[in-house]
Amino acid sequence: MESIEVITGIPSVEYGDLTSGVVKVKTRKGKTPYTATFTTNPKTKQFSLSKGFDLGRDLGSLNVALEHTRAIDNPVSPYTTYQRNGIALNYARVFRRGSTPLNFSVGLTGNLGGMNTKDDPDAQTGEWKKAHDNALRFNTSLDWLLNKSWITNVAVTASVNYADMLSKYHLPVHTASEQPAVNATTEGYFVANQLPVNYVNTQFIDSKELDYGISLKANWSCRFDRLLNRVKAGVTWSANGNVGQGEYYENPQLQPNGFRPRPYTDIPYMHNLAVYLEDNLTLQLGQTSLGVMAGVRGEKTLIKNMQYNKAQSLSPRFNVKYTLINRERKYFLNQLNVRGGWGITEKLPSFNILYPDPLYRDIQVFGASYADNRSVYVYHTTPYSIAYNDNLRWMRNRNIEVGVDLTLGGTRISVAGYFNKTKYPYRLNTTYSPFEYRISQVPSGYKMPANPDIVVDNRTGQILVGDKDDPSAGYTPMDTKVMDKTFVKNIYQDNSSPVDRKGLEVTVDFPQIPSIRTQFRFDAAYTNVKYVNEGFSYIYKENQSHSSIPGRSFEYVGIYADNGGSTTATYNGRQTKRLDANLTAITHIPSIRMVISLRLEASLVSRSRNISSYHGKQLAYQVEQEGESYTALRPLYYMDLEGNVYNYDDAAANDPVLKGLIINGNSFQLKQDGYDPYFSANLSITKEIGNVASVSFYANNFTNARKYLASYASGVKVILTPDFYYGLTLRLKF
């Protein structure tokens, strides 16, 4: 790599999601010396060698890099290892040298690697894991400087990425008795496969990701007196898919309970098409200047047979920067900029929502034991998937940022505040619907044969038992214990309530102190995040039985303010506040060609409080009873087995059965939480040795500050500072 650029704030519409920031990595091209790098730390050993060859003025340049990495998971027990060998080739050439040069580049990188735990003596006897991790990546680009009145340059890039990963997990299984394994893929009643008491099986997960894409971008620059106008427009297309077999087992007869095969090849490709247009204006106004950027980006996702047909989004963005002062350094105030930005992005749901995986609901309806401690089980299976939600809104993020940049007496100061609101954030929601099925039992006085023949009517659940050793005895029907009526879970993608984020970021770069050749940098960030979910959570307590009918399931579902579906959380919102600060000192010692960097990291404020509120009304309450203290949360509504929904009022709270729907949580759930300030320090030292070598040493949290901090709410003590960690890098150039 030649350089890494991190883009924060409101980025150009050329880039996608504006909430995540952008990292631009530029690879090195052209003639370079041989460079060997050796890196070591307690977990990783790495070696790389690179060289850039100049093939002549008309033949371009070739950059070659080789790399070997060996990593271990735990230095104390170094038996889980990962190794990788990589190569990178980049060729670049300029055609049509002159007023309209054509820059061409092509790159090919690949790696062979894998993980192995077979030699770990601490693992269960016979247990091991192996994986290979191989990849091949191809990219090419053309950038043509046209210098026309209507277009400045046009660029085309294309890439193909292939990643081949195959993991193997070999595990001996030992159980006290045979265990059932349900693998049915259609709805109905089925006899479960019985796994033996002792067996060995190997799990394979075969992933072969194959992604490709192409982009076209055009730029136009034109100056009109004091106005510079730069316009960019582009279109990108990408496809992401997998041609691997997915998860499978060496012996299909020993597949674990709940496993259903689904080859990745059965999952269609996801195609994404994006177009964007952006205009940048810079106007010189005497000693001042005004810059304005406005753009819009549209995206559409295409998946064959996907649930949502309107998977498209539109993202406008706007930035303005006004330079009030820009003059020579001899003035105390020599630079002053005021800037602001606004942007909106719509984020589509994940692939598993647009094209959901099949899910299965398995309920045991019959079980019996027979000779030699063996058992037979019958289950009812219902296939389902994440349901389509016609009212689903695309998640929308609005970001507003304002900032001031100035230089005072050589000190550069940057202050930026941001206001971010996420509307319609995604969440998987759960509802319940009544469901009836047959539960069977062995008839009174009937003895299961030593070698039973089980026949099940897949539709009605009627079970017949015969004797394989005596077919003439016929079949005996099992009794219906109960026609149970319960609730089954239905999952769908839903929108939650808005999330508000605001914060302030300050950076101060002080000028170097000549006497000690040291420069200080101070940066701090304050963040405040708040949300209150005012949707619903449906919660069914499966461990409870029917209040009056033996053998039947509990007859009510509680409907609560959205607490994430937890059976112990009495809150549906949260507010957090943080203030973090860092002080960095960089000292240059030219006489011995050494640079020392010391960074002090501090968490000064860490506060949070859970919120239990619905439409402004407090929900959870504190209970003091018989020396016990806890918080309690009532449902807003409840549903019966007929699907009827009722208000949960005081009468319901006092009902002997319905009061069981009240959720009880820890007494400290609604208390102010947080931790005292904590600190850590990082050290980095780089020493150059002539013009051929440099040695860099780093130590993170080198004081090993590992203080236990007690939670304000619960009193539970934790360590929040990172582990002490160190490493060394040696670079040689020749």
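Cut-offs and rules
- Residues numbered from 1 in each chain as written.
- Predicted model: local features only at pLDDT ≥ 70, side-chain atom pairs only at ≥ 80, totals over all residues.
- Heavy atoms only, no water.
- Pairing = 2+ DSSP bridges.
- Helix = DSSP H or I, 4+ residues; strand = E, 2+ residues; numbered from the N terminus.
- Axes fitted to C-alpha atoms, helices over the stretch in contact; angles between N-to-C directions.
- Contact = heavy atoms within 4.5 Å.
- Core = buried A, V, L, I, M, F, W, Y, C linked by side-chain atoms within 4.5 Å.
- Buried < 20%, exposed > 50% of the residue type's maximum accessible area, 1.4 Å probe, protein only.
- Salt bridge = Lys/Arg side-chain N within 4 Å of Asp/Glu carboxyl O.

> Looking at this structure, I do not really get the sheet that holds strand β41 (residues 663-665). What am I missing?
Two modes of strand pairing occur in sheets, parallel and antiparallel, and in both the strands are linked by backbone hydrogen bonds. The strand order across the open sheet built from three strands is β37-β38-β41, with neighbouring strands paired in antiparallel fashion. The two strands at the open ends of the sheet, each matched to only one other strand, are β37 (621-625) and β41. Taken pair by pair, the neighbouring strands of this sheet meet at an average axis angle of 40°, ignoring direction. Two strands pair when backbone bridges link them, and β37 and strand β38 (residues 628-633) are joined in this way by five bridges, in the antiparallel orientation. Pairing of Tyr-621 across the sheet is with Ala-632, part of β38.

> I'm lost on the pairing of strand β6 (residues 81-95) in this one. Help?
Along a regular strand, successive side chains alternate from one face of the sheet to the other. Here twelve bridges tie strand β5 (residues 61-72) to β6, and the two strands are oriented antiparallel to one another. Across the sheet, Arg-70 pairs through a bridge with Gln-83, a residue of β6. When β6 meets strand β7 (residues 102-116), the two strands line up antiparallel, connected through 15 bridges. Bridging across to β7, Tyr-91 finds its partner in Val-106. Adjacent in sequence and paired antiparallel, β6 and β7 are bridged by six residues, among which Arg-96 carries a positive phi angle near 55°.

> Looking at this structure, I do not really get the side chain of Ser-289. What am I missing?
Looking at the secondary structure, you find Ser-289 in strand β17 (residues 288-303). Dropping the residues within four chain positions of it, Ser-289 is found in contact with Leu-283, Gln-284, Lys-321, Tyr-322 and Thr-323.

> Explanation requested: the environment of Tyr-212 in the structure shown.
Along the chain, Tyr-212 turns up in strand β13 (residues 198-224). Spatially, the C-alpha atoms of Tyr-212 and Gly-241 are 9.1 Å apart, while their sequence positions differ by 29 residues. Look past the residues within four positions of Tyr-212 in its chain and what remains in contact with it is Ser-159, Val-160, Trp-237, Ser-238, Ala-239 and Tyr-269.

> Is there a simple way to think about the sheet that holds strand β39 (residues 637-639) in this case?
Strand order across the open sheet formed by four strands is β31-β32-β39-β40, with antiparallel pairing between neighbours. Both outer strands of the open sheet, β31 (536-539) and β40 (645-647), are each paired with one neighbouring strand and no more. Taken over all neighbouring pairs, the strand axes of this sheet differ in orientation by 25° on average, direction set aside.

> Explanation requested: the nonpolar core in the structure shown.
Across soluble globular proteins, nonpolar side chains show a tendency to be buried alongside one another. Phe-487, Tyr-638, Tyr-648, Leu-658 and Leu-661 are the most contacted members of the largest nonpolar core, which has 26 residues in total. Elements with a minimum of two residues in this core: β32 (557-561), β38, β39 and α2 (650-653). Excluding its chain neighbours within four sequence positions, the residues that come into contact with Tyr-638 are Tyr-556, Val-557, Ile-559, Asn-644, Val-645, Tyr-646, Asn-647, Tyr-648, Ala-652, Leu-658 and Leu-661. Membership of the second largest hydrophobic core comes to 19 residues, among which are Tyr-189, Ala-368, Ile-439 and Ile-463.

> Got a minute to help me understand the environment of Asp-500 in this structure?
Tracing the chain through its elements places Asp-500 in strand β29 (residues 499-509). Judged by relative accessible area, which is 35%, Asp-500 ranks as partly exposed. Separated by 29 residues in sequence, Asp-500 and Val-529 have C-alpha atoms that sit 5.7 Å apart.

> Explain unusual backbone geometry to me, please; I cannot follow it from the model alone.
Residues other than glycine predominantly adopt negative phi, and peptide bonds predominantly adopt the trans conformation. Despite not being glycine, Asn-147 has its phi angle at roughly 55°, a positive value. Considering the arrangement of structural elements, one finds Asn-147 in the loop between β8 (128-145) and β9 (153-174). In this structure Asn-147 comes out as partly exposed when scored by relative accessible area, which is 47%. A positive phi angle is found at Arg-593, which is not glycine, with a value near 50°. The topology assignment puts Arg-593 in the loop between β33 (573-589) and β34 (594-611). Overall, the relative accessible area of 35% leaves Arg-593 in the partly exposed class.

> Looking at this structure, I do not really get the pattern of salt bridges. What am I missing?
Oppositely charged side chains are able to pair whenever their charged atoms sit close together. Using the criterion set out here, one finds 25 salt bridges in the structure. Residue Glu-67 is joined to Arg-84 by a salt bridge in which the shortest nitrogen-to-oxygen separation is 2.7 Å. Remark: Arg-84 occurs in strand β6 and Glu-67 occurs in strand β5; sequence separation between them is 17 residues. Using a relative accessible area of 18% as the deciding quantity, one classes Glu-67 as buried.

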